[in-house]
Amino acid sequence: LALTSSFSTAAVLSTVTSHEYDSDEYHKQYHPDFYGYLPSKIKAKVGVLLLMVLISALNLICRSLSCVLFYEVGGTKLFAAIF
C-alpha cells in the first residue's frame, strides 16, 4: 500500500506539475534558465519524466521508512515530539 501511494503521488507531483510549467511558453520566455529542461523529442521526454517519477517515489519511500524507524526506535513519545 505504501509503495502504491508513493508511486501514484510521485507521478502526479513530478510529471503533471513539472510538465505543465515546463511546456508553458510564458515560463520558458521569462525564466529560460529554470524552465525548458524537458527535451522536445518524445523518447527523451518520456525518459526524463520516468526518472522524475522514480526519484520522487524513492524520496517518499525514504521518508516513510524514516518515520517507521523513528517510531520503532523511540516509541510514540519520540514520534510525537518530532511531528
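Conventions used here
- Here the residue numbers are simple positions, counted from 1 along each chain's written sequence.
- Thresholds applied to this predicted model are a pLDDT of at least 70 for local features of residues and 80 or more for the giving and counting of side-chain atom pairs; totals over whole chains, interfaces and linings are not thresholded and use all residues.
- Neither water nor hydrogens contribute to the side-chain values; these are computed over all heavy atoms in the structure.
- Helix numbering and strand numbering both begin at the N terminus, where a helix is a DSSP run of H or I of at least 4 residues and a strand a DSSP run of E of at least 2.
- We call a residue buried when its accessible area falls under 20% of the maximum for its residue type, exposed when it is over 50%, and partly exposed in between, using a 1.4 Å probe and counting protein chains only.
- Any two residues whose heavy atoms approach within 4.5 Å at even a single point are treated as in contact.
- Here, Shrake-Rupley sampling with a 1.4 Å probe gives the accessible areas, and only protein chains in the shown set may cover a residue.
- Patch building starts from residues that exceed 30% relative accessible area and form no salt bridge, then joins like charges within 9 Å and nonpolar side chains (Val, Leu, Ile, Met, Phe, Trp, Tyr) within 5 Å.
- We count a salt bridge whenever a side-chain nitrogen from Lys or Arg sits within 4 Å of a carboxyl oxygen from Asp or Glu.
- Here a pair means two rings of Phe, Tyr or Trp (six-membered ring of Trp) with centres within 6.5 Å. Their orientation is stacked below 30 degrees between planes, edge-to-face above 60, and tilted elsewhere.

Peer 1: Honestly, the overall build of the protein in this entry has me stumped. Any pointers?
Peer 2: Counting its secondary structure elements, the protein contains 3 helices and 0 strands. Each helix and strand of the protein, ordered N terminal to C terminal, gives the series α-α-α. Per-residue burial over the protein gives 17% buried out of 83 residues. Pairs at least 24 apart in sequence give 49% of the contacts found in the protein among residues at least 6 apart. By element, 68% of the accessible surface of the protein is carried by carbon and sulfur atoms, the whole surface being about 6500 Å².

Peer 1: Honestly, a nonpolar patch on the surface in this entry has me stumped. Any pointers?
Peer 2: On the surface, Phe7, Leu51, Leu54, Ile55 and Leu58 cluster together into a nonpolar patch covering about 480 Å² of accessible area. The element that contributes the greatest number of residues to the nonpolar patch is helix 3 (residues 42-82), accounting for 4 residues. The exposed category is assigned to leucine 51, whose relative accessible area is 53%.

Peer 1: For this particular structure, what's the right way to read the packing of aromatic side chains?
Peer 2: How two aromatic rings sit relative to each other is set out by the distance from centre to centre and by the angle between their planes. Tallied over the entire structure, the rule returns 1 aromatic pair. Pairing tyrosine 26 with tyrosine 30 gives two aromatic rings, centres 4.8 Å apart and planes at 50°, and the pair type is tilted. Taken together, the residues span about one helical turn, with tyrosine 26 and tyrosine 30 both in helix 2 (residues 25-30) at a distance of 4 residues. Residue tyrosine 30 is classed as exposed on the basis of its relative accessible area, which comes to 51%.

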